[in-house]
Amino acid sequence: MRSLALFLITALVVPAQQAPAPPASPQQPGTPAQPAPGPSTTAQPRVGEGAEARMNFAVTDASAPWVGSGAWMRRVFSPGDTRVTIQPPARIKDYVVDGKLVLSLKSYLDLVLANNTDIAIQRLSIEVPKNAIQRAFAVFDPLLTSNFNATRSNTPATNQLQGASVVSQLNQPLNTRFQQLLPTSTTVFSQLNWSKLSTNDQFALFNPAYTTTWQMGFTQPLWRNRGPYITKLPITIARASRRQQEFNVRDSVMRLLVTAEQAYWDVISARENLKVNMEALKLAEAALERTNREIELGATSELERFQPEQNAATARINVTRTEYQLRQFEDTLRRQIGADLDPDARNLPIVLTEDVTRPPDPERYDRDKLVQTALENRPDLKAQRTALDINDLQIKNALNSIKPVLNLTGSYQTFGRGGPGFSRASGTPVFTPGGPIDAWSMLFGFDYNTFAFGLQLQLPLRDRSAAANLADAVVNKKLTALRERSLQQQIRQEVLNAITNVESSREGVRLAQIAVDYAQKRVEADQKRYDLGVINIFFLLSAQNDLANAQSNLVNQTVNYKRNRLILQQRLGTLLEDRGIVIE
């Protein structure tokens, strides 16, 4: 009996640990599949490096330290300062050359990943479902409860056998209980009760009387909540929810990168249009100056002055408008990389080195193949499929809830009592010294034992709540399946539209280049005709304006092609891989 008791004591005090993920095995129904690891690179900047929120606080994660450990003492008695300190922008000075911020598209995206506040927010949001996994493990946390009471009572006697006319008692019980749920769905407990009772009852055998009771037992579900799979179901759901959030974060980061790269191309577009407008202004001013000289020499009428002046004024308006537009786009770009937060970098001139003169890629797209690529890679679709797995788990949980409760219970108890008192075995009271050690010796002698086993049945004759929960779980899965199909249709349409836009803008670049060539030849021809006096200044200015418009259209078509390529990569779900970006 003693060996059995020691064995059970050892088994009860071993807490359930968060075991590592098991090796690959056939997937249980309703269990989401693990995602494949992505590529990695050592050159990749840490996401949110320049926008990390730090606290001088003992609680840095959801880890749960054991009571009495150093980490637990720091959390309870010295948690620290709860103020948040956000790290300043990082790596910006690495790209400063000769007092200018020189950025290629890759270096710009590196700064966006490191310093963009919105991306840092998305990165931090994954911590909440990560903490939910830790919270789901809480059902296995051991619980130790203890209470002590001291009660003094004075009661008038109701009969002569109470040993005093006024019975005075001091009762001091101490109860300690340990309880834990095991991964096998078994709940085990161990309980120790100790009490001291002092009284003025002259018939008391022990005064003060020390009583010790130790009890241990278990409750094993036989129907509802039975088995490790059901017991760990909340953990499985929490892990699936975290994977779903990871896909959502990946999708959000891609959208933020599209916005950031659009800001890059906005600056390039405004910069190239400014060059075109400044060149048009030079031509307009040169035409105005020549017209003024001709009027001074009497070679032309004074009435010919107004058209060149209007043309030059319009060119100046275009230059001014484009300058302010460029300034606005540059401010937007600075915000994307966090340069607006750095006093030393917020006013630096920006030089973007991405080449926009390279002709578009003549690749022909296989539409069906690209649609299939999108269906395999889009993180929002993966998140929706993970939601289906979560619905499966929720249905299993609802099915478990409609089962009757049938539990097997068992317990063992041993008893001890001692203390100073009187022995009346010989008929004459004989005082016997003693103390609390007597009670403990009797307890561990295991001479007074109590064994108990039982069955507990809880059978709802009609459980409408559980039935409604199951019906909701079924409806939710149907809705998720329909949403998945709707999203697949949306993705197909988005990919086809993106391919059409890329092909259209590529053709637009080709036609715009042809238009620029013809406009340039027309300007050269009209210039010669004007020099020969065949045409007046109006036709030359018209040709120059058409050339400026054609050059501006070429810039817009080229940048539009870059943007449409960017949108296509985002629609395919391959933007991060194409840009060499890894989200950890």
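Bear in mind that the values here come from a model prediction, so they are computed numbers and not experimental data. Counting from 1, residues in each chain are numbered in the order their sequence is written. Only residues with pLDDT of at least 70 are given local features in this predicted model, and only at 80 or more are side-chain atom pairs given and counted; all residues enter the totals for whole chains, interfaces and linings. Hydrogens are left out, water is left out, and the side-chain values use all remaining heavy atoms of the structure.

## So, the overall build of the protein chain
Applied cut-off: Secondary structure counts use DSSP, requiring at least four H or I residues in a row for a helix and at least two E residues in a row for a strand, with both numbered from the N terminus. Relative accessibility thresholds used throughout: buried, under 20% of the residue-type maximum; exposed, over 50%; partly exposed, between the two (1.4 Å probe, protein chains only). When checking whether two residues touch, look at their non-hydrogen atoms; a contact exists if any pair is within 4.5 Å. Residue exposure ignores everything except the shown protein chains as possible cover, and the areas themselves are Shrake-Rupley values with a 1.4 Å probe.
Secondary structure assignment for the protein chain yields 14 helices and 14 strands. By residue count, 36% of the 584 residues in the protein chain fall in the buried class. By sequence separation, contacts in the protein chain at least 24 residues apart represent 79% of the contacts at least 6 residues apart. For the protein chain, the accessible area works out to roughly 33,600 Å², and carbon and sulfur atoms hold 55% of it.

## Some points on the pairing of strand β8 (residues 187-199)
So the rule is basically this: The pairing criterion for strands is at least two bridges between them, as found by DSSP.
By the bridge criterion, 13 bridges tie strand β7 (residues 166-181) to β8 in an arrangement that is antiparallel. Bridge pairing links Asn171 to Leu197 in β8. Adjacent in sequence and paired antiparallel, β7 and β8 are bridged by five residues, among which Ser185 carries a positive phi angle near 80 degrees. Judged from the eleven bridges that link them, β8 and strand β9 (residues 209-221) form a sheet pairing that is antiparallel. Within β9, the residue paired with Lys196 across the bridge is Tyr210.

## Some points on the packing of helix α10 (residues 379-401) against helix α12 (residues 464-531)
This is how the line gets drawn: Interaxial angle, 0 to 180 degrees, is taken between N-to-C directions of lines fitted to C-alpha atoms, where a helix line uses only the stretch in contact. In what follows, roughly perpendicular refers to angles from 65 to 115 degrees, roughly parallel to angles under 35, roughly antiparallel to angles over 145, and oblique to any angle outside these ranges. Left-handed describes a crossing whose near helix is turned anticlockwise from the far helix by less than a right angle; the clockwise case is right-handed. Each residue gets one of three labels, nonpolar for Ala, Val, Leu, Ile, Met, Phe, Trp, Tyr, Cys and Pro, charged for Asp, Glu, Lys and Arg, and polar for the others, Gly among them.
Remark: α10 packs on α12, axes separated minimally by 9 Å, with the N-to-C direction vectors making an angle of 165 degrees. When the interaxial angle is binned, α10 and α12 end up roughly antiparallel. Note that α10 runs across α12; the crossing there is left-handed. Considering only residue class, the contact of α10 with α12 consists of 13 nonpolar, eight polar and six charged.

## Topic: helix α7 (residues 233-297)
Where we set the bar: Expected span, for any helix, means 1.5 Å times one less than how many residues it has.
Over its 65 residues, α7 runs 95 Å from end to end, which matches the ideal 96 Å to within 8%, given 1.5 Å per residue. Downstream of α7 by one or two residues, Gly298 has phi in the positive range, about 80 degrees.

## Notes on the side chain of Thr211
Among the structural elements, Thr211 can be located in strand β9. Once residues within four sequence positions are removed from consideration, Thr211 is found in contact with Asn193, Trp194, Ser195, Phe415, Gly416 and Arg417.

## A few points about the pattern of salt bridges
Here is the rule: The term salt bridge refers to a side-chain nitrogen of Lys or Arg lying within 4 Å of a carboxyl oxygen of Asp or Glu.
Under the defined criterion, the tally for this structure stands at 22 salt bridges. Between Asp251 and Arg255 there is a salt bridge whose closest N-O contact spans 3.0 Å. One end of the pair is Asp251 and the other is Arg255, both in helix α7 and four residues apart, which spans about a single turn. Among the residues examined, Arg255 registers a relative accessible area of 40% and is labelled partly exposed. In this structure, the salt-bridge partner of Arg522 is Asp546, at a minimum N-O distance of 2.3 Å. With Arg522 in helix α12 and Asp546 in helix α13 (residues 537-572), this residue pair connects regions lying 24 residues apart in the sequence. Given the relative accessible area of 33%, Arg522 is considered partly exposed. Taken together, the shared-partner salt bridges connect Arg378, Asp380, Glu494 and Arg571 into one network.

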